Amino acid sequence: MRSFPPVSYLAREAPQTRIARYFLACYLLLVLVLSFYPFSGWHYNGEPVLAFYSYPLPYYFTFFDNFANVLAYVPLGLGLALLVRRRLLSLLTGTLGGTLLSALVEFVQQFLPERVASNMDILANGTGAFIGAVFALLVASRRWQRRWLVFRHSYLVAGRRGEWGLVWLGLWFITQCDPSVPLFGVVVEAVVLPQPFISPIANARLFLDLLEGCGVVLHVFGLGMFVSVLVRHQRHVPRVVTATLAVGIVLKLLFAGMLLKPDQFFAWVNANVVIGACLAFGLLALCLRLRRRLRALLGAWALIAALVVSWLWPLAPQLSASLEMFRWRYGHLQHFSGMAAMVGDIWPYGAIALMLALVLRRADD
């Protein structure tokens, strides 16, 4: 970061940032998906629905669960607090907002299988929200606000779509945190007995390989185009796209090492992924210097085609079977994998909408 803001930044009034509300909207999506997954098996256990609020503490306690519950609500408290400018009101908004949301989530969770409605979770979530709200007091200072505005002016495309796109890109990284899913893939391999399907060509294995490889090409290319349209200056585009893809690979490596059994460490990569990624990198090298509007159009079409590939994939994912690949023993694994899968299903639509919106507007360059 420069010691002083660039002259182009000082010469005009910086528009107000909206990244806090965009971040809050996306993080709320994550919290609700993780809290209510798999959204099925609803039932009433016969207990008074408000009884768990007054259970003696600690009614249900494990160190990892409560530590995770604290961490999960830190970003939520941060996002809520940043919506309010006054310091005391900001602290109260972040803490109380996170606590009330947790109380509502726990109320709903008592109707879900494999969930335990716990007032201890509310206390842990409220603590996390308070920590996030305190951290927001630092982030909301004039110094950090100016740093963010200078960064936005120097590196992000002008307008709201730069901030919204940056937050939406953060959701893509969540999709890469499940190491049982192929790297950059839009399909899921079967991990149990072969599933019967009708292949349009005689060689069924070749059909699956082509679909998987094409999915990787389209996904990586579409992601690269999406990232490229968020970058303000052309000279920064190759470096930012490369860094984004590298971070995705590093995330796979980290979560594979942490979650998978040693013999399954490279379950997320295969020949189809490698070939598809190499082809996508070549296409990106050819297209990253195109005008922003054309890059947005190509990226939108690539992600639309990737969605078609996922619809054509004939094998059904079986989450319960894929859990055999993991060595994680602290719980929440099925919910985490389900969240990554659902976010992966949602993410392309938001990226497509943003790029098509850019195509329909006046081009920036």
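Above: the structure in question.
Predicted model only: the values in this text are computed from it and were never measured.

Hey, could you run me through the packing of helix 2 (residues 19-36) against helix 4 (residues 87-109) in this one?
In a pair of packed helices, the angle between the axes and the distance between the axes together describe the arrangement. Contact geometry for helix 2 and helix 4: axes closest at 10 Å, N-to-C directions at 25 degrees. By the angle between their axes, helix 2 is roughly parallel relative to helix 4. Both helix 2 and helix 4 take part in a crossing whose hand is right-handed. For the pair helix 2 and helix 4, the contacting residues are Leu-28, Leu-32, Ser-35 and Phe-36 in the first and Leu-101, Val-105, Val-108 and Gln-109 in the second.

What is the right way to look at the environment of Ala-280 in this model?
Tracing the sequence through the fold places Ala-280 in helix 10 (residues 271-287). When its relative accessible area of 0% is taken as the criterion, Ala-280 is described as buried. In this structure, the C-alpha to C-alpha distance between Ala-280 and Phe-221, residues 59 residues apart in sequence, is 5.4 Å.

What's the story with the environment of Thr-127 in this structure? I'm lost.
In this fold, Thr-127 is placed in helix 5 (residues 119-139). Residue Thr-127 is classed as partly exposed on the basis of its relative accessible area, which comes to 35%. C-alpha separation for the pair Thr-127 and Gly-98, spaced 29 residues apart in sequence, amounts to 8.9 Å. Polar side-chain contacts of Thr-127 include one of 2.8 Å to the backbone oxygen of Leu-123.

What should I look at first to understand the packing of aromatic side chains in this one?
For any pair of aromatic rings, geometry is given as the distance between the ring centres together with the angle between the planes. Counted by the stated rule, this structure contains 11 aromatic pairs. Aromatic pair Phe-265 and Phe-266: ring centres 4.7 Å apart, planes at 90 degrees, arrangement edge-to-face. Taken together through their ring pairs, the aromatic side chains of Tyr-22, Trp-164 and Trp-168 make up a single cluster. Over the ring of Trp-144 we find Arg-147; its NZ or CZ atom is 5.4 Å from the centre of that ring.

So what exactly am I meant to see when it comes to the nonpolar core here?
Across soluble globular proteins, nonpolar side chains show a tendency to be buried alongside one another. Phe-226, Leu-284 and Trp-347 are the most contacted members of the largest nonpolar core, which has 69 residues in total. Not counting the four nearest positions on each side in its chain, Trp-347 is found in contact with Trp-168, Leu-169, Leu-171, Trp-172, Leu-223, Phe-226 and Leu-303.

What should I look at first to understand the packing of helix 8 (residues 204-230) against helix 10 in this one?
Viewed as axis vectors pointing N to C, helix 8 and helix 10 meet at an angle of 35 degrees, and their least axial separation amounts to 8 Å. You can see that helix 8 and helix 10 cross each other, and the crossing is right-handed. Contacts from Asp-209, Glu-212, Gly-213, Val-216, Val-217, Val-220, Phe-221, Gly-224 and Met-225 of helix 8 reach helix 10 at Asn-272, Val-273, Gly-276, Ala-277, Leu-279, Ala-280, Phe-281, Leu-283, Leu-284 and Cys-287. Residues of the contact of helix 8 with helix 10, tallied by class, amount to 13 nonpolar, four polar and two charged.

Would you explain unusual backbone geometry in this entry?
The general pattern is negative phi for most residues beyond glycine and trans for most peptide bonds. A positive phi angle, near 60 degrees, is found at Phe-184, a position not held by glycine. Locating Phe-184 in the fold gives a position in the loop between helix 7 (160-175) and helix 8. Overall, the relative accessible area of 1% leaves Phe-184 in the buried class.

Which parts of the structure should I look at to understand the pattern of salt bridges?
Opposite charge on two side chains allows them to pair when their charged atoms are near. Summed over all chains, the structure comprises two salt bridges. Between Arg-152 and Glu-163 there is a salt bridge, with its nearest N and O atoms 3.1 Å apart. Taken together, the residues span a long stretch of sequence, with Arg-152 in helix 6 (residues 142-155) and Glu-163 in helix 7 at a distance of 11 residues. Here the two residues Arg-152 and Glu-163 agree in accessibility, since each one is buried. In this structure, Asp-209 engages Arg-205 in a salt bridge whose closest nitrogen and oxygen atoms are separated by 3.1 Å.

How should helix 10 be read in this particular structure?
In this model helix 10 runs 24 Å from its N-terminal to its C-terminal C-alpha over 17 residues, within 8% of the 24 Å that 1.5 Å per residue would give. Burial in helix 10 covers these residues: Asn-272, Val-273, Gly-276, Ala-277, Ala-280, Leu-284 and Cys-287. Buried residues along helix 10 cover an arc of 115 degrees about the axis, so they all sit on one side. Residues of helix 10 that are exposed and point more than 90 degrees away from the buried face comprise Ala-271, Ile-275, Cys-278, Leu-279, Ala-285 and Leu-286. You can read the cap of helix 10 off the contacts: a side-chain oxygen lies 3.0 Å from the backbone nitrogen of Asn-272, and it is on Asn-270.

I would appreciate a short explanation of the side chain of Asp-178 in the present structure.
With respect to the helices, strands and loops of the structure, Asp-178 is situated in the loop between helix 7 and helix 8. Nearest to the buried, unbridged Asp-178 among oppositely charged side chains is Lys-252, at 6.0 Å. Excluding residues within four positions of it along the chain, Asp-178 makes contact with Lys-252, Phe-326, Phe-336, Ser-337 and Ala-340.

Help me understand a nonpolar patch on the surface in this model?
Residues Leu-294, Leu-297, Leu-298, Trp-301 and Leu-356 make up a contiguous nonpolar surface patch of about 430 Å² in total accessible area. The element that contributes the greatest number of residues to the nonpolar patch is helix 11 (residues 292-312), accounting for four residues. Examined against the element boundaries, Leu-298 turns out to sit in helix 11.

The rules behind the values
- Residues numbered from 1 in each chain as written.
- Predicted model: local features only at pLDDT ≥ 70, side-chain atom pairs only at ≥ 80, totals over all residues.
- Heavy atoms only, no water.
- Axes fitted to C-alpha atoms, helices over the stretch in contact; angles between N-to-C directions.
- Helix = DSSP H or I, 4+ residues; strand = E, 2+ residues; numbered from the N terminus.
- Parallel < 35°, antiparallel > 145°, perpendicular 65-115°, else oblique.
- Left-handed = near helix turned anticlockwise from the far one by under 90°.
- Contact = heavy atoms within 4.5 Å.
- Buried < 20%, exposed > 50% of the residue type's maximum accessible area, 1.4 Å probe, protein only.
- Polar contact = N/O pair within 3.5 Å; in protein donor to acceptor, adjacent residues only side chain to side chain.
- Phe/Tyr/Trp six-rings, centres within 6.5 Å; stacked < 30°, edge-to-face > 60°.
- Lys NZ or Arg CZ within 6 Å of the ring centre and 35° of its normal.
- Core = buried A, V, L, I, M, F, W, Y, C linked by side-chain atoms within 4.5 Å.
- Nonpolar A, V, L, I, M, F, W, Y, C, P; charged D, E, K, R; others polar.
- Salt bridge = Lys/Arg side-chain N within 4 Å of Asp/Glu carboxyl O.
- Expected span 1.5 Å × (residues − 1).
- Arc of directions from axis to C-beta.
- Lys, Arg positive; Asp, Glu negative; His and termini not counted.
- Patch = residues over 30% accessible without salt bridge, like charges linked within 9 Å, V, L, I, M, F, W, Y side chains within 5 Å.
- Areas by Shrake-Rupley, 256 points an atom, 1.4 Å probe, with all protein chains shown as cover.

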